[in-house]
Each structure stands twice: as structure tokens, then as C-alpha cells.
Amino acid sequence: MLKSKTFVKKTRSGGVMKIVREHYLRDDIWCGSEVCTECKQESTVLQRDACIESSLCSYPHYLIPDTNVVLHQIDVLEDPVIRNVIILQTVLQEVRHRSAPVYKRLKDIVHEKEKHFYTFTNEHHRETFIEREPGESANDRNDRAIRMASKWYSQHLKTSETGADGLKVVLLTNDQGNKQKAEDNGLLVYKCEEYIKSLIANPELVDHLALSNDEKNEITSSKVLFPEHLPLSKIQAGIKSGSFLQGTFRASRDNYLEATVFVQGEGEDSTEVLLQGLQNLNRAVHQDVVAVQLLPRDQWVAPSSVVLQDEGAAKDDNAEEEDEEKEVTEAARKPTGKVVGIIKRSWRPFCGMLNVAQIKESTRHLFTPADRRIPRIRIETRQAATLAGQRIMVAIDGWPKHSRYPNGHFVRSLGSAGEKDTEQEVLLLEHDVPHQAFSQAVLSFLPKMPWAITPEDMVRREDLRNLTVCSVDPPGCTDIDDALHCRELENGNLEVGVHIADVSHFIRPGNALDKEAANRGTTVYLCGKRIDMVPELLSSNLCSLRSNVERLAFSCIWEMNHKAEILKTRFTKSVINSKASLTYAEAQMRIDDTSMNDDITNSLRGLNKLAKILKKQRIEKGALTLSSLEVRFHIDSETHDPIDLQTKELMETNSMVEEFMLLANISVAQKIYDEFPDCAMLRKHPPPPPSNYDILLKAAKSKEVEIHTDSAKALADSLDVAKVDGFPYFNTLLRILATRCMMQAVYFCSGMDSDFHHYGLASPIYTHFTSPIRRYADIIVHRLLAVAIGADSTYPDLMDKHKQSALSNNLNYRHKMSQYAQRASVAFHTQLFFKSRGILNEEGFVLFVRKNAIIVLIPKFGLEGTVFFDTKDKAAPNLVFDEEIPGVSVPAPDVGPQAKKPKLDR
């Protein structure tokens, strides 16, 4: 049966276009129940024995949740106890429009066979489809469609021959109006909370319930603590008129009463608005999109120099401002504002620990998230005794204006705190690292084993198997992306080749494998564990350029003279056979051992000689050599615990490989930009705004050293001469601080930007080409380069600058999160290492001074931590804080022995 809707639409050119929408209705859409004998279905999903112990429904029943129940109670629906649920097409479509994450979770549940969730296409069933009535809102029409489908199911199962089983259908809705109408229609209907609380055999499910609006206010006091949020219509008008600014709320790690709102301006311009005090933060949570109103200039303040962590004291805190009543120089003041409304919440389930309430029988407890930037969350749970000492996940439901903390509900437990597997899971979840096993759909696109290079693969490829190619990598590396060669040509010049794994040969655009790699964006390296971007068959085998096996590669080959000047550049797809997989140390030994003169060693010596010249040229142009502490753990092969820890040593060979990777990336960037000026994927590093250098300049000034920051070259030159007698580590400390002043390097699409410069490398153009096994950006660059040299065909998304730009944003996010996850993993393993070590005496340096704490770096272990002057047991010494240095000193007491001044450099 065919229904059609006709309506007219005005086109851009001003014409009128008639649109006819056809909607097919069918009789052969089955109900999916084992009980049914009417439907001619081959397989069923809903069980005959749909029993669950409930004080409300003592009979077997199927559940039909409405849209809001699915959106707000997805944690309940995911629980294994909840089975035999009918998801209506109306609900599925509404959820899809309103929340992509919930829609994905719902689809995952539907695919789980043991959950028995059945999707019923009610919008195409002749007996359940309804037309929208004149004057009826879309929402009301959808509610009516849900009631219609529930009624059809009730009658359909009754007329079934085995209706004697007493199987019923229960509609779940939290909408009072919808519930009333359903009852008037004779339907079985309950509020979701009522139904879940009736499941007497599974009381733990109540903890998963998200609070409804009525309950959100019950938990709070009557005292209004926060200003009302403005409605969206007022916010939009205010942004339009310029009285409000829209930006991303970024909470401070060091002070829970302070945050900044990052406001993106036109093009590259952006401003930051400072917020101080609970009232001005007004219930915004880290990463929310908020509307802020600037305060009058005379109320602008300087960022706080106090380190404050929320200890849960009940003060409803403008304490911090009172504490900070002091003269602030005009230059130190920052634009200051207050949050007037929330535009978009970015709430997710948060990992952390439960602070069990002191009152014995209490079911209300505070949850402390692992991320210090997230406020504590008040939850209700009856399992507090079990959950104490566990890492758990909690979701926020709302934050009423009467409540000091947001309200939320328990999602699930991750395991005991301190256990390696639990902490690793927390770390991956908190940094949003996709780490589930690759799905069958993804694995189905892998090549079939045994794999071999075929004659078709050799078309448009050069055979370079005869070249003396070798790879140089860290010890234990199995995902070898790159290999190198260097040989003398007959004309006396040198030929240098960088050969990169041809991952794009195996990952074709748009298939499930490609989409998964694009979503993951990067491989994440944790201590003792790697979360691959592509399945292991590719990352550690077919794409890895291991020695003595034939592998497909993408080669960038230069002809150079002995002064490392490039005479010719060419790119080609190739086949190589690496002659050796070396570690940095092994390659260094070969170069240094004068008795070795084989082809591989001579090739390495040639590469090393050229690399030194290339590095010198780069540094002369103003490239920065910065420093960040990296540590390497020696892991026990049985317990997987760290048994030794040392900072990574860099050798000449590290630098050798790096120079040729940089050169290949720059050469490829220029080639793809010349060919595709609108859609090349490039990487840029913006120069830091001058205020970023404050910490570096103050640190240098404390030792009477001058640092110039007007250009990268000036910075590099002044860092080279910044030395203090008797303090050899000072220069490294300055380089560590300089690294922290830098902006993040980012991927971007050349058609969407005009500034391509890479500040840190002092290069006018740059991209990533050399690590396609572990970075998705490199796969895109390979595809662009392959089209540019005629080795592969293009596809629409590759040439679409808007899609490339959206992809760049995801890659930047994944890249940043992976760096944070790696640092967190190092910090956790460092903690594990010290757990059984007792107290150690090591040299430490003060990196930053705050009013009530110092931040100390211990280089030997790459460890950084905050040392508070006052602790719970003893009061702070009487300290004088100097904002300008910044520094603290202890004034001499009137009587008694002379107090030692804390040294600020050690």
C-alpha cells in the first residue's frame, strides 16, 4: 500500500518546486515473538518465557520504552537483566536525531543476541502507521504512534493461539500526559522508575537510574546557591547583539574555583575570559559550550596563584576572592566574566572513586572524579560498602541551582583501585581512547593469509628489492613504518631513499577498516601495551618493514650532493626487502666500529653524515631544540610490573632518522600542496602568543639570564647561551619550560587556512607522511600523493575540503588525547615503581612557585608533583609570596634560630 505526501518548497533561485514523498505500508512486517503463530517469520528475537521478578508485573512481559526513557535511561537498558524489549522505529529515529552516542549504544544492544531486543518497523506497518493530524505537534504524533504500536502488540499477542501464556506488553514512559492517555486506551503503562524499583530480585538496578526532573530538586537544599541559567533564546539574542560571548569552558586543574572560557574569534583570533568563584562558574563543567558575560573593567582580576583542591568543605565559596584581596597590576588583569547560560553540555560518564558518607545508613554519597577539572558528583547508591575502594563510572543527570554539586547516577564498576588492569581501563576511558577489539566487519577487509605480492601489485611500482635498505627503531618495535638507504651514484652524488610502509594499499577508502582507523586516528602507546589504530595483521606483519621479507612501500628518493643539497626529488610506489632491522644502539655501534665496512654500515655512515649537515641547516634557520623528560621502564616479563626506570638517552642515530623523516615530510607536503592546493592535509605549528612566555621569562630572570622571544630563531639562539655557573641542569630546565609555552601543532586542510608555517621546525610547509601504521593523517597524505603521481585513483571525500577539515579536527583531538593518555600511563607506572621502594633521596628542582605550594621536578624519574606548604597535620609556615618573581620567602622570626630560606632553584 502506498501513501504519498505532496508539498511545495521554495528554491534558492526563488522558484517553486513540488515535492512528492512516497511512504510504503506493508502487511509482512513480523512481530518477532516466539509466542506468535500468525507471523510467518523465519527467526524470532523475543522469547516465549519473558519472565523477570517484578512486584508490579507478575506475568511474562515485553517492554516498550518511549524515546525519553531510551535517551535518559540507556544505562539501565544496557544491564544484562533487562531483556525482551521492543524498540519501535519511531523511537529509534527520534533517538538518532537527538543523541548520536545514545543511538550508537542502542544499536549495539540490539545487535547483542542474548539481550533479545527487537526493532519493530511500526512506521511501515499498515496497522500501526498513523498520519499527523492538523494542529498536532511532531512530538505528540510520535507519542501517539508509540501508544498505537503498544496497543497493536497487546492485541496481536492476545489473538495468538498461545495467548493463554498471559504474555503482556508494558509501555515505559516518564511523560505524565503520555502515561495518562495510554491508561485511558487500556494499555499497561508504568513510569520507568516505578518499574525498575519493582524488580525485587535486582535492587542494584535502581543505582543506574538517571534522576528525573522532580527528583533532581528533592536532593538539594532550599537555599539558592547559583544564578538562574538564561534560556537559549535570550542567549542567542545576547550573542548576536555582542553582550554575551560563546566559548568552551575549561576548568583549572590547580584551582577548582577558577576557569577560563576559550572564545574563538574570526580566523586565527581567539580570546580567553577568566572566571573566578563558584557563582561566576555557575555550574558549568569542563568542556561545556557556555555563554559568558564580561564584567565591568574595574572588576577584572588576575589569575590566582593559589593551588586549591575541593576538599568538600561546605563553604559556598567566595573565600578565594576574599583571600586574594590585594593590589593587582593593571597588566596582570585579564578579561573577567561570568557564565550566564549553557549552550551545550559535554557530559560523559566519568571515572573515579566513591567517598562513602559518614552517616551509617545513608544512601547519598559524593563521587570524586579522577579528572581534577570535573566537580564532585552526588549520587544515590545502596552498594556503597561494596563500591568503596573501587574505581567506578558515574554519569551526571543535572545540576540544580540549589545544589553545591551536580547530581548523577552510578553506571558501573571498573575494578579495584590500584590494580593495573583497572587503572589502565580508567586511563583509556578518561582519555576517550577507542580500545575495544576490532569488529568482524573491520577484520573482514584484511587480506587473506598466506599473503604474497602479485604481478598486479607490481603494476605502477618500482622494484627496489636490490637496494641496501635498513630500518632503525627503538628496541622491541614491531610496527616498523620506515626504512632508509643511501648509496653513491656513478656521477659522484648520493642517492638517499626514505621508504614508508604502503598502508593505503591495504586500507581502501570508505570501508569498515578505513572508518575504524579514521575514528581511532592514532595508535596509543602505553607502558607495556599498545592500542593499535589498525589490526595487528597489518601493524606488526604485512605493513611492518621487517628485515628479509618483501614489503610494499611508498618511497621518497632524493639525489643529493655531499653538502646535503637536494638536486632531484622523486616519489614512487615500490617493493623493498629490508636487509636489517636495527635498534638505535645497534646502528650507533655499527657507525662507530671502524672495523665494519659492509654495505649496511656504509649506508648508515652516509646517512649520518648528511643528517648532521641537515640538522645544522635547520637550526640555522631557527628550528627549536626543546626538551621534555621521557622515561623508559624495564618491565618484569612475568608480573608486568616496572622493575627499573630511567630517562631515555638520545643517540646520534635518533637524530639521523629524525632528520630524514622531517625532510620526507617537507618534500611530500610541498608536492601534495602543489597538486591539490585546496585539499592537501598539512600540519602547522602556530607561534605562541607573547603572554605564553611569561613562565619562561620569569624563570630566566630569577637567574639574571635574558631570553628573547620575538622569533623562533631569537628564542633558539638565546636558549643556546642561557647558562648559569654551578647549575648545569639550568639550560635543560629552561628548555622544558619553553616546551610548555608552545602551542599544539595541528592538522588542517590547505583550502581552509592561509597560514601554513611550522614554528618549531622553522619550515614554511609540513605534513605527516612517515608513520601511516600509527597515524591516520599519513594514510590520507599517502592517498593524495598516490593520486598526484598517478599511482592510485581519487575519491570524492579526498577532494572535499570541508570533509578533510572535519577529519583534521578529529585527528587533532585523538592525537592530543593519546599524548595525555601516554603521560598518565607513565605517571601510573612511576607510582607502581615507587610503591615498594620506601623513601628515596633524589635531586629535585622547583619548576613553579605558587602562593601555597611549589611544583617540583625530579629529572632522574621524569617525575613532577605539587608540594603544599600546609598539610592537614601542620599549619603553613609564615611565608611571603612575591608575585613578580614569583617566589616565596620565610621572614626572619623575632626570636629563636634563623629560619632557612627555601632554595628556589633546587
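Residues numbered from 1 in each chain as written. Predicted model: local features only at pLDDT ≥ 70, side-chain atom pairs only at ≥ 80, totals over all residues. Heavy atoms only, no water.

(A) Expanded view of the overall build of the protein. Of regular secondary structure, the protein possesses 25 helices and 35 strands. Among the 906 residues that make up the protein, the fraction classed as buried is 49%. A total of about 44800 Å² of accessible surface is found on the protein, and carbon and sulfur atoms cover 51% of it. (Helix = DSSP H or I, 4+ residues; strand = E, 2+ residues; numbered from the N terminus. Buried < 20%, exposed > 50% of the residue type's maximum accessible area, 1.4 Å probe, protein only. Areas by Shrake-Rupley, 256 points an atom, 1.4 Å probe, with all protein chains shown as cover.)

(B) Representation of helix H24 (residues 776–788) in the model. The end-to-end C-alpha distance of H24, which contains 13 residues, comes to 19 Å, matching closely the 18 Å that a straight helix rising 1.5 Å per residue would cover. Within H24, 13 of the 13 residues are buried, leaving the element largely enclosed by the surrounding structure. Two residues or fewer after H24 comes Gly 790, characterised by a positive phi angle close to 75°. (Expected span 1.5 Å × (residues − 1).)

(C) Representation of the pattern of salt bridges in the model. Under the criterion given, the structure shown has 42 salt bridges. With a shortest N-O distance of 2.7 Å, Glu 78 and Arg 105 are connected by a salt bridge. Of this pair, Glu 78 sits in the loop between helix H2 (74–77) and strand S4 (85–88) while Arg 105 is found in helix H4 (residues 100–111), placing the two residues 27 residues apart along the sequence. For Lys 671, the salt bridge goes to Glu 675, with nearest N and O atoms at 3.8 Å. Taken as a pair, Lys 671 and Glu 675 lie in helix H20 (residues 652–675) at a separation of 4 residues, close to a single helical turn. On the basis of relative accessible area, Lys 671 is assigned to the partly exposed category, the value being 24%. Among the residues examined, Glu 675 registers a relative accessible area of 37% and is labelled partly exposed. Here the salt bridges do not stand alone but share partners, grouping Asp 75, Glu 78 and Arg 105 into one network. (Salt bridge = Lys/Arg side-chain N within 4 Å of Asp/Glu carboxyl O.)

(D) Fine view of the sheet that holds strand S14 (residues 364–369). As summarised here, the arrangement of the 5 strands in space is S13-S14-S15-S17-S16, forming a closed barrel in which the pairing is mixed. With direction set aside, neighbouring strand axes in the sheet form an average angle of 55°. Two elements, strand S16 (residues 390–398) and strand S17 (residues 407–416), share 8 bridges in a ladder whose sense is antiparallel. Paired with Met 393 across the bridge in S17 is Arg 412. Along the sheet, helix H13 (residues 420–430) contacts strand S13 (350–355), S16 and S17; its crossing angle with S17, the most-contacted strand, is approximately 140°. (Pairing = 2+ DSSP bridges. Axes fitted to C-alpha atoms, helices over the stretch in contact; angles between N-to-C directions. Contact = heavy atoms within 4.5 Å.)

(E) Spatial organisation of the environment of Phe 410. On the secondary structure map, Phe 410 appears in strand S17. In sequence terms Phe 410 and Met 393 are 17 residues apart; their C-alpha atoms lie 6.3 Å from each other. Setting aside residues no more than four positions away along its own chain, Phe 410 makes contact with Asp 207, His 208, Ile 379, Gln 383, Leu 387, Ile 392, Met 393 and Val 394.

(F) Just unusual backbone geometry, in detail. Here the bond from Met 449 into Pro 450 is cis, since omega is -5°, no more than 30 degrees from zero. Here Pro 450 shows up in the loop between helix H14 (440–443) and helix H15 (455–458). In this structure, Arg 460 takes a positive phi of about 65° despite not being glycine. When you line up the elements, Arg 460 lands in the loop between H15 and strand S18 (462–463).

(G) Geometry of the nonpolar core. In terms of nonpolar packing, the biggest core is built from 87 residues, with Leu 538, Trp 558, Leu 604, Phe 660, Phe 769 and Tyr 776 touching the most fellow members. With 10 residues, H24 is the largest single contributor of residues to this core. Non-local contacts of Trp 558, meaning those with residues more than four positions away in its chain, are made with Leu 494, Glu 495, Val 496, Val 498, Ile 566, Lys 568, Thr 569, Phe 660, Leu 663, Ala 664 and Ser 667. Among the nonpolar cores identified, the runner-up in size contains 55 residues, and Cys 39, Ile 74, Val 76 and Ile 146 belong to it. (Core = buried A, V, L, I, M, F, W, Y, C linked by side-chain atoms within 4.5 Å.)

(H) A look at helix H19 (residues 599–621). Spanning 23 residues, H19 covers 33 Å between terminal C-alpha atoms, matching the ideal 33 Å at 1.5 Å per step. Two or three places before Ile 600, at the opening of H19, Asp 598 has a side-chain oxygen 3.2 Å from that residue's backbone nitrogen. Just past H19, the residue Gly 622 takes up positive phi, approximately 115°. (Polar contact = N/O pair within 3.5 Å; in protein donor to acceptor, adjacent residues only side chain to side chain.)

(I) Looking closely at the pairing of S14. Sheet analysis places S13 next to S14, joined by 4 bridges and oriented antiparallel. Its bridge partner lying in S14, Asn 355 is registered against Leu 366. Direction of pairing for S14 relative to strand S15 (residues 377–380): antiparallel, over a ladder of 4 bridges. Of the residues in S15, the one forming a bridge with Phe 367 is Ile 377.

(J) Up close: the environment of Val 846. Here Val 846 lies in strand S31 (residues 845–849). Taking relative accessible area as the criterion, Val 846 reaches 12% and is therefore assigned buried. Sequence separation between Val 846 and Val 867 is 21 residues; the distance between their C-alpha atoms is 9.9 Å.

(K) Geometry of the sheet that holds strand S8 (residues 245–251). Spatially, the 5 strands line up as an open sheet ordered S10-S9-S8-S11-S12, and their pairing is antiparallel. The sheet is open, and its two borders are formed by strand S10 (270–276) and strand S12 (337–344), each paired with just one other strand. Between one strand and the next, the sheet's axes are offset by a mean angle of 40°, whatever the strand orientation. By the bridge criterion, 6 bridges tie strand S11 (residues 289–294) to S12 in an arrangement that is antiparallel.

(L) Here's a closer look at the packing of aromatic side chains. Inspection of every chain in the model, using the stated rule, returns 8 aromatic pairs. Ring geometry for Phe 120 and Trp 152: centres 5.2 Å apart, planes at 10°, overall stacked. You can see Phe 120 sitting in strand S5 (residues 117–120) and its partner Trp 152 sitting in helix H5 (residues 138–159), a full 32 residues away along the chain. Among the aromatic side chains, those forming a connected cluster through ring pairs are Phe 120, Trp 152 and Tyr 153. Sitting over the ring of Tyr 747, Arg 683 keeps its end group 4.5 Å from the ring centre. Just above the ring of Phe 748 sits the side chain of Lys 684; from NZ or CZ to the centre is 5.5 Å. (Phe/Tyr/Trp six-rings, centres within 6.5 Å; stacked < 30°, edge-to-face > 60°. Lys NZ or Arg CZ within 6 Å of the ring centre and 35° of its normal.)

(M) Expanded view of the side chain of Gln 276. Note that Gln 276 resides in strand S10. Within polar-contact distance, the side chain of Gln 276 engages the backbone oxygen of Ala 302 at 3.1 Å.

(N) Local environment of the packing of helix H18 (residues 584–592) against H20. Contact pair H18 / H20: the axes reach a minimum separation of 8 Å and the direction vectors enclose 100°. It follows that H18 is roughly perpendicular to H20 by the angle criterion. Facing H18, whose interface residues are Tyr 584, Ala 587, Gln 588 and Ile 591, H20 presents Glu 652, Thr 653, Asn 654, Met 656 and Val 657. Grouping the amino acids of the contact of H18 with H20 by side-chain chemistry returns 5 nonpolar, 3 polar and 1 charged. (Parallel < 35°, antiparallel > 145°, perpendicular 65-115°, else oblique. Nonpolar A, V, L, I, M, F, W, Y, C, P; charged D, E, K, R; others polar.)

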